[in-house]
Amino acid sequence: FNIYRSVSASAVGDPADMSGTGSGVFDTRTQSKPIGRIVGFGDYYGQLAVFGTRGGQFWSMDPDFSKNQYERSVPLTAVAPRAIIGYGDGDVAYLARDGVRSLRARDSSNIAGISDFGSPIDRLIKAALRDLTALGESMSGAPSTFLTDPAYYPPIMEIHPDTWALWLCLHDNIYVFSHYPDAGVRAWSTIDMPVPAPANLSAQNGTLKSRWAADVCPVNDDIL
């Protein structure tokens, strides 16, 4: 996809062919309110959810690109491509500028609303995002964020395959959301990343980068 404004599709059955049957491009600026730079995508009840820095759009997709239809928009502020993930029964969790949020059906029509299930840790998330921006500025000598500066690791969301808890790796902490409705459990916890041995410290970034999770993925019944 074009990281700024448009979404491109390849020909059906051939991801290397950008001009064959089924290929096409749609510009998010031509529909409703602009959503800013495209950050990433999610699957919301069979629709393509396009997350931007200033809003989100929903599209009904078809193998015939000419039949794709814009459905509606929602106000949101997504900030990290790898911090968008399907969670729960149709929900799509994402990292916003003001904390952890999710797209959630408001009623039986499945029209999306914004859930603030991350509100208990909003203060911690906002502080971590400020730290990331400040670090980017100090390393590059100019305003920078983790979206554009490759010198440090981006936020990542993943679902634990055994507990189904939502993990958010952000800066030097991992935030874990556990939700067990029958038991009445709905809680956030924090895993503080350990300080590495001096021999393993990054010469460029010191303890800041060396405590971060470079990557995560579910393996069997755990996350590595």
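**Student:** Would you explain the pairing of strand S3 (residues 38–44) in this entry?
**Tutor:** Every other side chain in a regular strand lies on the same face of the sheet, so the side chains alternate between the two faces. When you tally the buried positions in S3, you get five out of seven residues, the bulk of the element. Note that S3 and strand S4 (residues 47–52) share six bridges and pair antiparallel. By the bridge assignment, Tyr44 is partnered in S4 with Gln47. Where S3 folds back on S4, the antiparallel hairpin that results is connected by two residues, among which Tyr45 adopts a positive phi of roughly 50 degrees.

**Student:** What is the right way to look at the packing of aromatic side chains in this model?
**Tutor:** Within a pair of aromatic rings, the relevant descriptors are the distance that separates the centres and the angle that separates the planes. This model, assessed by the stated rule, comprises eleven aromatic pairs. When the centroid spacing of 6.5 Å and the interplanar angle of 15 degrees are considered together, the rings of Tyr87 and Phe117 count as stacked. In this pair, Tyr87 sits in strand S7 (residues 84–87) while Phe117 sits in the loop between strand S10 (112–115) and helix H1 (122–140), placing the two residues 30 residues apart along the sequence. The class for Tyr87 is buried, based on a relative accessible area of 12%. Judged by its relative accessible area of 5%, Phe117 falls in the buried class. Centroid distance Tyr87 to Phe177: 6.1 Å. Interplanar angle 65 degrees. Geometry classified as edge-to-face. Linking Tyr87 in strand S7 with Phe177 in strand S13 (residues 173–180), this pair joins segments that are 90 residues apart in sequence. According to the relative accessible area criterion, Phe177 is buried, its value standing at 2%. An aromatic cluster of three or more residues is present, and its members are Phe26, Trp59, Phe65 and Tyr70.

What counts and what doesn't
- Residues numbered from 1 in each chain as written.
- Predicted model: local features only at pLDDT ≥ 70, side-chain atom pairs only at ≥ 80, totals over all residues.
- Heavy atoms only, no water.
- Buried < 20%, exposed > 50% of the residue type's maximum accessible area, 1.4 Å probe, protein only.
- Helix = DSSP H or I, 4+ residues; strand = E, 2+ residues; numbered from the N terminus.
- Pairing = 2+ DSSP bridges.
- Phe/Tyr/Trp six-rings, centres within 6.5 Å; stacked < 30°, edge-to-face > 60°.

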